[in-house]
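What the coordinates show
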Amino acid sequence: MRALLALAALLAAGAPLLPRSAAPRPPLHPWPTRFEGRPLRPLPPGVGDAMLARDFPGHVARFSDGRRQLILRQVARATRGLHPPRDCFGSMGYALSPLPMRVVAGSLASCFQAERKQERLRVCEQVRSAGGMVHPDVPGWYWHAVTRVDAGPWLAVMTVERVG
Amino acid sequence: MIPAYLAALLVAGGGWHGLWLLAGRADGVGLATALALAAALGWALVRASHAVPAFHVALLLVGSALAGLSNTALIEIGAVVAGLYRCASVRPRWPVLALALLAVPVLPTLDVLVAWPLRRASALATAGLLRMNGVGVGLEGVALEWHGQRLLFDGPCSGVRMLWALLVLASLAGAVERASPLRFAGLLTAAAAVALAGNALRAASLFYVETGSVAVPGGPAMHEAVGLAAFAVAAAVAVPLLSRKVAA
């Protein structure tokens, strides 16, 4: 029995260390060059981008439209790897408070306020489908993607704007 | 047979990755509940004088290994927490196991997996409540339509936190009354139903506030106040419902 226990313990401890094949990434579609009529300028990855990219089976890029930052994520299948912005800002130590939905690029987007020290940000999210559907947040997108009501691929748009 | 503390050490060692993931994910409410869970498990293990069958420990470790292969954080965390609870407890019970699992940072996952179905169900129930009260609202997806206005159930209105709190309450009630698995399943179902009804009540109340049908000061404070009041009503309904058998 001791040998069995030792083997089981070894298996349990070692299982997470086994090499895994990386999740297949969809082909990269060209990033939009304008958003709400404003030209987009690529930015280097920010502090939280590594968190957004962790186990994410898609592509992430950061842009500026001169007024706010946009974090765009391309994804082609339902995945928990598309983390809601709320989780990312929460884990970076921001205090979050909900805001009413806003119209972003002609469709509703879920918004919240993220506050840390003297920094106050308004963050809005929406997930836009190639087929034209727009989901105002990740949970709403997830079920449409799982049930294939919306076939994708999708562009998850996060806008981050300094408000105070 | 293996002493409980030694069995727990083996399970913790085998599930090190789950514990590491747990430590990385615990913040806010999740940190508080994870610390409470750690304290409760630690306390139970320090006082434990029982032993755990070696075969059970081997099964727990195999479960941990399979969880590790799943590459899903919550499954790995759940496996190691369930294993530690099994080691700490002389006679494991489902409601206490459920409490332990609800104490890990499960809310972000519930927010993604459960929020949208809850919003849809709440929107249906809210529309029903309002129509019963003579308000002819339309319903499209998770939006209520009334006189050209659209009122949306957004993420914070999904009732996920209310559901989580009432599931904790149901698990506590089940633990206190030593509920059978069938009775405990009934308690969880009742808690979910009360959470749904409570959220519909909150949304229907907010409908009157947001549309100006009731003359009260608006703003986020009123939104919060209505939410708290609806939660208080849901808890007031849930407590006697869940503790019915204890009183009997």
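Right, let's walk through the structure included here.

Parameters and conventions
Residues numbered from 1 in each chain as written. Chains lettered and ligands numbered in written order. Predicted model: local features only at pLDDT ≥ 70, side-chain atom pairs only at ≥ 80, totals over all residues. Heavy atoms only, no water. Disulfide = S-S within 2.5 Å. Helix = DSSP H or I, 4+ residues; strand = E, 2+ residues; numbered from the N terminus. Buried < 20%, exposed > 50% of the residue type's maximum accessible area, 1.4 Å probe, protein only. Expected span 1.5 Å × (residues − 1). Pairing = 2+ DSSP bridges. Axes fitted to C-alpha atoms, helices over the stretch in contact; angles between N-to-C directions. Contact = heavy atoms within 4.5 Å. Buried area = accessible area lost by both parts, 1.4 Å probe. Salt bridge = Lys/Arg side-chain N within 4 Å of Asp/Glu carboxyl O. Polar contact = N/O pair within 3.5 Å; in protein donor to acceptor, adjacent residues only side chain to side chain. Nonpolar A, V, L, I, M, F, W, Y, C, P; charged D, E, K, R; others polar.

Residue and element names in this part refer to chain A. Applying the stated criterion across every chain yields a total of one disulfide over all chains. The disulfide partner of cysteine 111 is cysteine 124, and the S-S distance across this bridge is 2.1 Å. Residues cysteine 111 and cysteine 124 are joined by a disulfide whose S-S torsion is about 105°; by sign, that bridge is right-handed. Taken as a pair, cysteine 111 in strand S7 (residues 107-116) and cysteine 124 in strand S8 (residues 119-129) lie far apart in primary sequence, 13 residues in all. As far as the burial class goes, cysteine 111 and cysteine 124 line up, both buried. Here cysteine 88 is not disulfide-linked; the sulfur of cysteine 124 is the nearest cysteine sulfur, at 15 Å.

Here we come to helix H10 (residues 181-210) of chain B. Residues three or four positions apart in an α-helix share a direction because the helix packs 3.6 residues into each turn. Here H10(B) is 30 residues long and its end C-alpha atoms lie 43 Å apart, about the 44 Å a rise of 1.5 Å per residue gives. Of the residues flanking the end of H10(B), it is B:Gly212, one or two places downstream, whose phi is positive at about 75°.

All names here are of chain B. Here we have three strands laid out as an open sheet, ordered S3-S4-S5, and antiparallel in their pairing. Unpaired on one side and paired on the other, strand S3 (138-140) and strand S5 (149-152) mark the two borders of the sheet. Strand-to-strand twist in this sheet, taken as the mean axis angle between neighbours without regard to direction, amounts to 30°. Helix H8 (residues 115-132) rests against S3 and strand S4 (143-146) of the sheet, and its axis sits at about 170° to S3.

Another point: the interface of chain B and chain A. Tallying the contact residues gives 34 residues for chain B and 31 residues for chain A. Across the chain B to chain A interface the summed buried area is about 2500 Å²; carbon plus sulfur atoms make up 70%. Scanning the region where chain B abuts chain A turns up one salt bridge. Remark: the boundary between chain B and chain A carries five residue pairs in polar contact (both at pLDDT 80 or more). Looking at the side of chain B that touches chain A, the elements with two or more residues in it are helix H1 (4-14), helix H2 (16-25), helix H4 (54-70), helix H7 (107-113) and H8 of chain B. By residue number, the principal contributor to the side of chain B that touches chain A is H4(B), which donates 10 residues. Classifying every residue of the side of chain B that touches chain A gives 20 nonpolar, eight polar and six charged.

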